[in-house]
Amino acid sequence: PDIIYWRSKYLRSIKSYREKGRNIIYIDESWMDNNLTFGKCWQSDDIHGVTTNTSSSNRLILVNAGSKDGFIPGASLIFRAGLATGDYHGQMNGVNFEKWMVEKLFPNISHPSVIVLDNAPYHSVQENKPPSKYAVKEEMRKWLQDNKIKFSADKKKDELFDLIQRFKPQEKTYHIDKLISMHGHIALRLPPYMCELNAIELAWAAIKRYVREHNVTGDLSLTRLQQETENAVISITPADWEGYISHVKKLEDEFRQKDGLMEDIMDSLIISAGGIDSSDEDNSSEESHSDSELTHPLSD
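Residues numbered from 1 in each chain as written. Predicted model: local features only at pLDDT ≥ 70, side-chain atom pairs only at ≥ 80, totals over all residues. Heavy atoms only, no water.

Asker: Summarise the overall build of the protein; cite the residues concerned and give the values.
Answerer: In terms of regular secondary structure, the protein is built from nine helices and 10 strands. A separation of at least 24 residues holds for 70% of the contacts in the protein among residues at least 6 apart in sequence. Entry remark: accessible area of the protein is about 18100 Å², with carbon and sulfur atoms responsible for 52%. (Helix = DSSP H or I, 4+ residues; strand = E, 2+ residues; numbered from the N terminus. Contact = heavy atoms within 4.5 Å. Areas by Shrake-Rupley, 256 points an atom, 1.4 Å probe, with all protein chains shown as cover.)

What follows is the structure in structure tokens.
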């Protein structure tokens, strides 16, 4: 139910943005290995097939953004995974991702846009994250102090955690979303496990197919791998992107229909299982209301 609820909210939001004529940009990261090739082997009636070596010695990380007009000019980033030097090095992480957005994405977006992104860990660094019940007491005290929530010095750990639970923000705030907003854009997060709703995934598939077609032996050098990858990115046209987005829109319509049917099915299951006592709902609502009145930090 939580996934369906998140997906329904996403589908309503993106439909509204499209109806308003907002520019929608899809962003994502992918990878490219030097052994990326079509699997081939020889065999006969008497001898089993022999496959090629599939070990990879070189890997590239790709980051890019695209819309109905194609890839955003100047936004493409390709760098070697594991490299210890350079502006971008190692693996994709929060530091590299934020650096890419500030240096290569935002400067190349001409007008306010809706930026669609998934929930990768480095996209989801939470602002003002409340400590968990496993945090040390000092961390709990610091969070309460930073949020101007009064507490007595003799409170035990479980009492501090109860305070945190009472006063923690109702909605999570992510650092990347805040950064996007600061640059005049809107962050729209995909529902979990729904990568098929991200149009750039179709571009990645086409790019990898291009590299496979140009990598017959499956052992490209790093230089050749980067060149073929850059050629593959260039080969993706605005017409291709229009097709990707059209396909995603079709999926969105299908999910809207399925989610409506799913609600009916879930309601029928609740009814057949005896339903929900309306008094329980009322009590839950009252408790929620009374809790919300307590979630304002005490003034100094």
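Asker: Provide a residue-level description of a negative patch on the surface, including the pertinent values.
Answerer: Taken together, the side chains of Asp154, Asp158, Glu159 and Asp162 present a region of like negative charge at the surface. On the secondary structure map, Asp162 appears in helix 4 (residues 157–167). (Patch = residues over 30% accessible without salt bridge, like charges linked within 9 Å, V, L, I, M, F, W, Y side chains within 5 Å. Salt bridge = Lys/Arg side-chain N within 4 Å of Asp/Glu carboxyl O. Lys, Arg positive; Asp, Glu negative; His and termini not counted. Charge placed at Lys NZ, Arg CZ, Asp CG, Glu CD.)

Asker: So what's going on with the packing of aromatic side chains? Which residues, and what values?
Answerer: Across all of its chains, the model carries four aromatic pairs by this definition. Between Phe97 and Trp100 the ring centres are 5.8 Å apart and the planes differ by 35°, which places this aromatic pair in the tilted class. With Phe97 and Trp100 both in helix 2 (residues 94–105), this residue pair falls three residues apart, about one helical turn. The class of Phe97 is buried, set by a relative accessible area of 0%. Given a relative accessible area of 0%, Trp100 falls into the buried group. (Phe/Tyr/Trp six-rings, centres within 6.5 Å; stacked < 30°, edge-to-face > 60°. Buried < 20%, exposed > 50% of the residue type's maximum accessible area, 1.4 Å probe, protein only.)

Asker: Requested: an account of the side chain of Glu252, with residues and values cited.
Answerer: Mapped onto the elements of the fold, Glu252 is located in helix 8 (residues 238–272). Those residues within four positions of Glu252 in sequence are excluded, and the remaining contacts are Tyr10, Leu11, Ile14, Arg18, Tyr26 and Leu197.

Asker: Before we move on, can you summarise the layout of surface pockets with the specific residues and values?
Answerer: The calculated volume of the largest pocket comes to roughly 520 Å³. In this structure, the largest pocket is lined by 15 residues; those nearest its centre are Trp6, Lys9, Glu171, Tyr174 and Arg189. Breaking the lining of the largest pocket down by element, the ones donating at least two residues are helix 1 (2–19) and strand 10 (186–189). Looking at the second largest pocket, its volume works out to about 230 Å³. Surrounding the second largest pocket, Arg18, Gly21, Arg22, Asn23, Ile24, Tyr26, Lys68, Glu242, Ile245, Ser246 and Lys249 form its lining. Mapped by element, the contributors of at least two residues to the lining of the second largest pocket are strand 1 (23–33) and helix 8. (1 Å grid on protein atoms, 1.4 Å probe; cavity = no way out; pocket = protein on both sides within 12 Å on 5 of 7 lines; lining within 4 Å. Points joined across faces, edges and corners; volume = space filled by probe spheres on them.)

Asker: I'd like to hear about the nonpolar core, residue by residue, with values.
Answerer: Within the largest apolar cluster, 36 residues are counted, with the highest numbers of intra-cluster contacts made by Tyr10, Tyr26, Met32, Phe71, Val116, Ile207 and Trp241. When contributions to this core are tallied by element, the ones reaching two or more residues are helix 1, strand 1, strand 4 (59–67), strand 7 (113–117), helix 6 (200–213), helix 7 (222–235) and helix 8. With 22 residues, the next largest nonpolar core counts Ile61, Ala81, Leu117 and Leu179 among its residues. (Core = buried A, V, L, I, M, F, W, Y, C linked by side-chain atoms within 4.5 Å.)

Asker: Help me get a handle on the packing of helix 2 against helix 5 (residues 175–182), residues and values and all.
Answerer: At a minimum axis separation of 11 Å, helix 2 and helix 5 run at an interaxial angle of 10°. If you check the angle between helix 2 and helix 5, you find them roughly parallel. Note on element contacts: helix 5 touches helix 2 through His175, Ile176, Leu179 and Ile180, opposite Phe97, Glu98, Met101 and Val102. (Axes fitted to C-alpha atoms, helices over the stretch in contact; angles between N-to-C directions. Parallel < 35°, antiparallel > 145°, perpendicular 65-115°, else oblique.)

Asker: Tell me about helix 3 (residues 137–146), and name the residues and values.
Answerer: Listing the buried residues of helix 3 in full gives Met140, Trp143 and Leu144. Viewed along the axis of helix 3, the buried residues span an arc of 95°, placing them on a single side of the element. In helix 3, those exposed residues whose orientation departs by more than 90 degrees from the buried face are Glu138 and Gln145. Packed against the buried residues of helix 3 are helix 4. Once helix 3 finishes, Lys148 follows within two positions and takes phi at roughly 60°, a positive value. (Arc of directions from axis to C-beta.)

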